[in-house]
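Remarks on the overall topology
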Amino acid sequence: MGSVRPGSPPPASTAGSTDRAAVLVCLFQGDDGDLRVILTKRASTLSSHSGEVALPGGKREEGDADDVDTALREAKEEIGLESSQVNVVTVLEPFVNKQGMPVVPVIGILNVREAFKPAPNPAEVEALFDAPMEMFIKDDNWRVEMGEWMGNKYLIHIFDYEMKNKKYTIWGLTASILIRAASIVYERPPPFVEQNPSYKVAFVVESEDNRMVSSKPEQRLQTLAQHFRLQKLVKPGLSPTSTTGSIKRAAVLVCLFQGEEGDLRVILTKRASTLSSHSGEVALPGGKREQGDADDVDTALREAKEEIGLDPSQVNIITILEPFVTKKGMTVIPVIGILSNKEAFNPAPNAAEVEAIFYAPLEMFLKDENRRSEEKEWMGDKYLLHHFYFEDDGKEYVIWALTAGILIKAASIVYQRQPAFVERRPKFWSGSTHVTTP
């Protein structure tokens, strides 16, 4: 079958039908240590979208068990990639083209690059090449055009790429899928506005053996851990043992577990009212690095132990997010972990630091319910501070500012979708405009 046309995106559509497609985002480590993705140029003899760049993939056929089967079968037919050579780690939420066809991106890692012997099918594929994954969250060799569909204006992203003296244009749906995948893998948004089409409908991702993103939280935790195995390939320098050697930094623990209702929850604290700074505010367990801390993970786990009695042996660390920077120039590292056994955790809040411990649903930080925002300005940068209101056991909590920002980021990665509201983060969180203090 032919690959899916690079058209226009967003997540969506119906499941249980053969009127759908899947594409394989197959990643591997290049000679320079960068992460690369396999792409094709469609044959010029094809009746539709001839000569366009696409990911290996195509429409579902009757014999396909699920979307992963479709993507792997198509990759075998188009470029000779054996399914046994690909470790499928997760899928992204579906995109929909203008014809209403849902396209499911399947993310996989090429196990042994040297073992892959490309065999492009000349009836479908004119050329096979690879491109650096990080390219899709950079504005180098990037341009954009305005598109409109049924009154909906959106941006069509176009990347111009040259390899071995051959020029390729990666655009439309293919570009949008790769922007989304790169944003998740590298844990940062592109430096340009995406403005995807807004036509969305409900969608259920199908899977025969939990290889995909699942609505079941216990499976989502497994998928999350699998997903971050991919990230370790991308950023070996930003691993749970990384450190810059600076003492002007802090770390917080984003500790996730499955709640009683089956949803993913995160452990939060309300700071003691007797503290001299940020008293009574909601925070993630964490604090400043101390001289004895080996790295950021040590800091987060030590602070969690001191503040709420969480033993480090009970937490499975899976990754860290890129740092946030406060107005005063303090670097804050979010450390992501999974609570191995919720029943084994017996909270022991340190009264000098913590007034209360509670658990909030992680998905809450992507929803527009019980949320408000206020516009602020700092050094000419206008941004939004988000406030989330949560009630637990008759007590009301407000989660806001940096803590809310970290949880929005974490939830976006875990659930692989953007929040249902405009985020507009402060630039200083990225370290671009923070105040330098002596």
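In this text, all values refer to a predicted model and were calculated from it rather than measured experimentally.

1. Comments concerning the sheet that holds strand β20 (residues 371-378)
Strand order across the open sheet formed by three strands is β20-β21-β22, with antiparallel pairing between neighbours. Of all strands in the sheet, those bounded by a partner on one side alone are β20 and β22 (395-400). The mean inter-strand angle of the sheet, taken between neighbouring strand axes irrespective of direction, is 25°. Running at roughly 80° to β22, helix α5 (residues 401-415) makes contact with β21 (381-392) and β22 of the sheet.

2. A word on the sheet that holds strand β9 (residues 142-149)
The sheet built from three strands is open, its strands ordered β9-β10-β11 with antiparallel pairing. The open sheet terminates on both sides in strands that have one partner only, identified here as β9 and β11 (166-171). On average, each strand axis in the sheet is tilted by 25° relative to the strand beside it, whichever way the strands run. Two elements, β9 and strand β10 (residues 152-163), share eight bridges in a ladder whose sense is antiparallel. Note that in β10 the partner of Trp149 across the bridge is Asn152. Across the sheet, helix α2 (residues 172-186) lies against β10 and β11, angled at about 80° from β11, the strand it touches most.

3. Details of the environment of Leu27
Looking at the element boundaries, Leu27 is found in strand β1 (residues 21-29). A relative accessible area of 0% means that Leu27 is categorised as buried. In sequence terms Leu27 and Met133 are 106 residues apart; their C-alpha atoms lie 8.1 Å from each other.

4. What to know about α5
A rise of 1.5 Å per residue sets the reference length of α5, with its 15 residues, at 21 Å; its end C-alpha atoms lie 21 Å apart and thus fit the reference within 8%. After α5 finishes, the residue Gln416 shows a positive phi value of roughly 55°.

5. Quick look at the confidence of the model for the chain
Segments scoring low in pLDDT should not have their predicted coordinates read at a detailed level. Here the chain averages 82 in pLDDT, and 82% of its residues register 70 or above. Taken element by element, the predicted model of the chain shows its lowest mean pLDDT in helix α3 (residues 217-234) (50) and its highest in strand β14 (residues 282-283) (97). This model gives residues 199-218 a pLDDT under 50, and the stretch forms 71 contacts once residues within four places in sequence are excluded. In this model residues 433-438 is a low-confidence stretch, pLDDT under 50, and it forms 16 contacts with partners more than four residues away in sequence or in other chains.

6. Description of the nonpolar core
Membership of the largest hydrophobic core comes to 43 residues, with the highest contact counts inside it found for Val254, Val266, Leu268, Leu362, Phe365, Ile399 and Leu407. Mapped by element, the contributors of at least two residues to this core are β12 (249-258), β13 (264-271), β18 (331-339), β19 (354-361), β21, β22 and α5. Take this core: its biggest share by element is 11 residues, from α5. Membership of the second largest hydrophobic core comes to 39 residues, among which are Met135, Leu178, Ile179 and Phe192.

What counts and how
- For every chain, the first residue of the written sequence is number 1, and numbering continues from 1 onward in sequence order.
- Whole-chain, interface and lining totals are the exception, using all residues; otherwise, since this is a predicted model, local features are given only for residues with pLDDT of at least 70 and side-chain atom pairs are given and counted only at 80 or more.
- Think of the side-chain values as coming from all heavy atoms in the structure, minus any hydrogens and water.
- At least two bridges found by DSSP between two strands are what make those strands a pair.
- By the criteria applied, helices consist of DSSP H or I runs no shorter than four residues and strands consist of E runs no shorter than two, each listed in order from the N terminus.
- Comment: axis = line fitted to C-alpha atoms, over the contacting stretch for helices; angle = value between 0 and 180 degrees taken between N-to-C directions.
- Note on contacts: a residue pair is in contact if any heavy atoms of the two residues lie within 4.5 Å.
- For each residue, the accessible area found with a 1.4 Å probe, counting protein chains only, is set against the maximum for its type, and the residue is called buried under 20%, exposed over 50%, and partly exposed in between.
- Helix span, expected: 1.5 Å multiplied by one less than the number of residues in the helix.
- A residue's pLDDT is simply how confident the predictor is in it, with values from 0 to 100.
- To define a nonpolar core, start from buried Ala, Val, Leu, Ile, Met, Phe, Trp, Tyr and Cys residues and group those joined through side-chain atoms within 4.5 Å.

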